[in-house]
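# Examination of the molecular architecture
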Amino acid sequence: MSFMVKWIMRFIDEATIVIIAGNGGNGCISFRREKYIPKGGPDGGDGGDGGDVYIIADENLNTLVDFYFKKTFNAQNGKNGGSNNCRGKRGADTFIKVPLGTRIIDDDTKKILQDMTHHNQKLKVGNGGWHGLGNTRFKSSINRSPYQKTLGTKGERRTLYLKLMLIADVGVLGLPNAGKSMFVRSISGAKPKVASYPFTTLIPTLGVVNIDNKKFTVADIPGLIKGAAQGVGLGIRFLKHLERCRLLLHLVDIAHSSNVIHLIRDVNIVVSEIKNYNEQLFNKPRWLVFNKIDLLHEKRIQLNVNKIIKDIDWQSRYYLISSVSQKGITKLCSDLVIFIKSSMEKNDLELNKKSDS
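Residues numbered from 1 in each chain as written. Predicted model: local features only at pLDDT ≥ 70, side-chain atom pairs only at ≥ 80, totals over all residues. Heavy atoms only, no water.

## A short note on the overall build of the protein chain
The number of helices and strands found in the protein chain is 6 helices and 14 strands. Here the protein chain holds 357 residues, and the buried ones make up 47% of them. When contacts within the protein chain are restricted to residue pairs at least 6 apart in sequence, long-range pairs at least 24 apart make up 73% of them. Counting every atom, the protein chain has about 19,100 Å² of accessible surface; 51% of that belongs to carbon and sulfur. (Helix = DSSP H or I, 4+ residues; strand = E, 2+ residues; numbered from the N terminus. Buried < 20%, exposed > 50% of the residue type's maximum accessible area, 1.4 Å probe, protein only. Contact = heavy atoms within 4.5 Å. Areas by Shrake-Rupley, 256 points an atom, 1.4 Å probe, with all protein chains shown as cover.)

## Some thoughts on the environment of Phe216
You can see Phe216 is positioned in strand S11 (residues 214–220). A relative accessible area of 2% means that Phe216 is categorised as buried. Taking C-alpha positions, Phe216 is 7.3 Å from Val337, a pair spaced 121 residues apart along the chain. Not counting the four nearest positions on each side in its chain, Phe216 is found in contact with Asp169, Val170, Gly207, Val208, Val209, Ile211, Cys333, Leu336, Val337 and Ile340.

## Examining the sheet that holds strand S6 (residues 112–116)
Taking strand neighbours across the sheet as the criterion, the 5 strands line up as S3-S1-S8-S5-S6 in an open arrangement whose pairing is mixed. Two strands bound the open sheet, and with one partner strand each, they are strand S3 (72–74) and S6. Between one strand axis and the next, the sheet turns through 25° on average, direction left out of account. In terms of strand pairing, strand S5 (residues 102–106) meets S6 through 4 bridges, oriented antiparallel. Note on S6: the bridge partner recorded for Arg103 is Asp115. (Pairing = 2+ DSSP bridges. Axes fitted to C-alpha atoms, helices over the stretch in contact; angles between N-to-C directions.)

## A few points about helix H5 (residues 298–311)
Over its 14 residues, H5 runs 20 Å from end to end, which matches the ideal 20 Å to within 8%, given 1.5 Å per residue. Looking only at H5, the buried set comprises Ile301, Asn304, Val305, Ile308 and Ile309. Angular distribution of buried residues about the axis of H5 spans 130°; they occupy a single face of the element. Away from its buried face, by an angle of more than 90 degrees, H5 presents the exposed residues Lys299 and Lys310. Just past H5, the residue Asp313 takes up positive phi, approximately 55°. (Expected span 1.5 Å × (residues − 1). Arc of directions from axis to C-beta.)

## Digging into the nonpolar core
Membership of the largest hydrophobic core comes to 32 residues, with the highest contact counts inside it found for Leu242, Leu288, Phe290 and Ile308. Of all the secondary structure elements, the ones that give two or more residues to this core are strand S12 (247–253), helix H3 (260–277), helix H4 (279–282), strand S13 (286–291) and H5. Not counting chain neighbours up to four residues away, the residues in contact with Phe290 comprise Val252, Ile254, Val305, Ile308, Ile309, Tyr318, Tyr319, Leu320 and Ile321. Counting 23 residues, the second-largest nonpolar core is a separate cluster that includes Ile17, Ala57, Leu64 and Val98. (Core = buried A, V, L, I, M, F, W, Y, C linked by side-chain atoms within 4.5 Å.)

## Thoughts on the pairing of strand S10 (residues 205–211)
Pairing geometry for S10 and S11, over 7 bridges, is antiparallel. Across the sheet, Asn210 pairs through a bridge with Lys215, a residue of S11. A loop of 2 residues connects S10 with S11, the two strands running antiparallel in sequence, and Asp212 in this loop sits at a positive phi of about 50°.

## A look at the environment of Ser323
Structurally, Ser323 can be placed in the loop between strand S14 (318–320) and helix H6 (329–356). We classify Ser323 as buried; its relative accessible area is 5%. Separated by 29 residues in sequence, Ser323 and Asp294 have C-alpha atoms that sit 8.9 Å apart. Not counting residues within four places of it along the chain, the set of residues in contact with Ser323 comprises Gly179, Met182, Phe183, Ser186, Asn291 and Ile329.

## Here we look at the sheet that holds strand S9 (residues 170–174)
Strand order in the open sheet formed by 6 strands is S10-S11-S9-S12-S13-S14, with mixed pairing between adjacent strands. Edge strands, defined here as strands with exactly one partner in the open sheet, are S10 and S14. Neighbour-to-neighbour, the strand axes of the sheet open up by a mean angle of 25°, direction not taken into account. The strands that H3 touches are S9, S12 and S13; relative to S12, the one it contacts most, it runs at about 150°. Packing against the sheet, H5 makes contact with S13 and S14, and its axis sits at approximately 165° to S14.

## With respect to helix H2 (residues 180–187)
Think of an α-helix as turning once every 3.6 residues; residues three or four places apart then point the same way. Within H2 the residues assigned to the buried category are Lys180, Ser181, Phe183, Val184 and Ile187. Seen along its axis, H2 keeps its buried residues to an arc of 160°; they face one direction.

## Focus on the confidence of the model for the protein chain
Per-residue confidence for the protein chain gives a mean pLDDT of 85, with 86% of residues at or over 70. Long-range and interchain partners of residues 1–9, a stretch whose pLDDT sits below 50, account for 9 contacts in this model, where long-range means more than four residues apart. Across residues 192–201, where pLDDT falls below 50, the model places 27 contacts with residues more than four positions away in sequence or in other chains. (pLDDT = per-residue confidence, 0-100.)

## Overview of the packing of aromatic side chains
As enumerated under the stated definition, the model contains 7 aromatic pairs in all. Aromatic side chains Trp287 and Phe339 sit 5.6 Å apart centroid to centroid with 75° between the ring planes, which places their arrangement in the edge-to-face category. Taken together, the positions of Trp287 in strand S13 and Phe339 in helix H6 put the pair 52 residues apart, joining distant regions of the chain. Members of the aromatic cluster, each reached through a chain of ring pairs, are Trp287, Tyr319 and Phe339. (Phe/Tyr/Trp six-rings, centres within 6.5 Å; stacked < 30°, edge-to-face > 60°.)

## Looking at the packing of H3 against H5
Taken N-terminus to C-terminus, the directions of H3 and H5 make an angle of 50°; their axes are 10 Å apart at the nearest point. In terms of orientation, H3 lies oblique with respect to H5. For the pair H3 and H5, the crossing hand works out as right-handed. From H3, Val260, Leu263, Ile264 and Val267 reach across to H5, where they touch Asn304, Lys307, Ile308 and Asp311. Residues of the contact of H3 with H5, tallied by class, amount to 5 nonpolar, 1 polar and 2 charged. (Parallel < 35°, antiparallel > 145°, perpendicular 65-115°, else oblique. Left-handed = near helix turned anticlockwise from the far one by under 90°. Nonpolar A, V, L, I, M, F, W, Y, C, P; charged D, E, K, R; others polar.)

Right, dumping it as structure tokens:
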């Protein structure tokens, strides 16, 4: 139990919060009364506006754990107006910081309000109430002493669902013990836990790869097993962290079994689970990466790979690597850099076409 609590504290990627913008301050009823002006006119001031609520993306955060403890956020109310035409002070705004990649969803309408994808991106999620009017505002030629004011309006109240989806160029997936964490360690500065037992990785890990001064980010998620879409094992709750990736690497432990039928089954399990998750993720560009080739003879490796490729009718790229000996890593990473650059250029071109139209 203590282990699970510790794990929850480390990484939380979903949260529901309530935001309450500030109420507007009330207007004031007041009349000018001075020594030689016993019957002065109205001088009641307006109230101040209520504070707004904003969400700001912060690249220094990587979890929604703060919202595990605090779930309600209030902006300050506006102050009431005063005599001598004094306007009430505006309520202070409230700023809520979230990690990059957080999706903001209205919990009532289920509408996506914004994806927070760049540092210091700001989104107003709650409007403060309008200020009330003092009686000075109601003075007229036929009503010189108005006993009239308005109250400030209520600030906006909303329930928001926050969904963290890590931003990475490349996503790594596969069965437990396929060598995903070791692979991410070998190509980046990330230090995920590595061990020879299933579910070593319990939370997503991000790493930055630098190849000839060209950088890209890679995400490692906990391994999938058969039935993950139905909640078996760690389920598919972490697959959402691959939805923003440009490319998926499907790692396969080529040395897992001497029976190629078992290897084909391993590949199909992962393919089936991501297809059951959603079509968008299934249709992303995906490369097969056969890992741990240092543990088998070269002829056996090629024979098994050829049978797998033929059996599953694989049409995309595949690679043979060893994260331990680094064999094949340089070629794979170089091709990843080229693919990511091409993908970014294609996206820029599509955005330019949309802006021109």
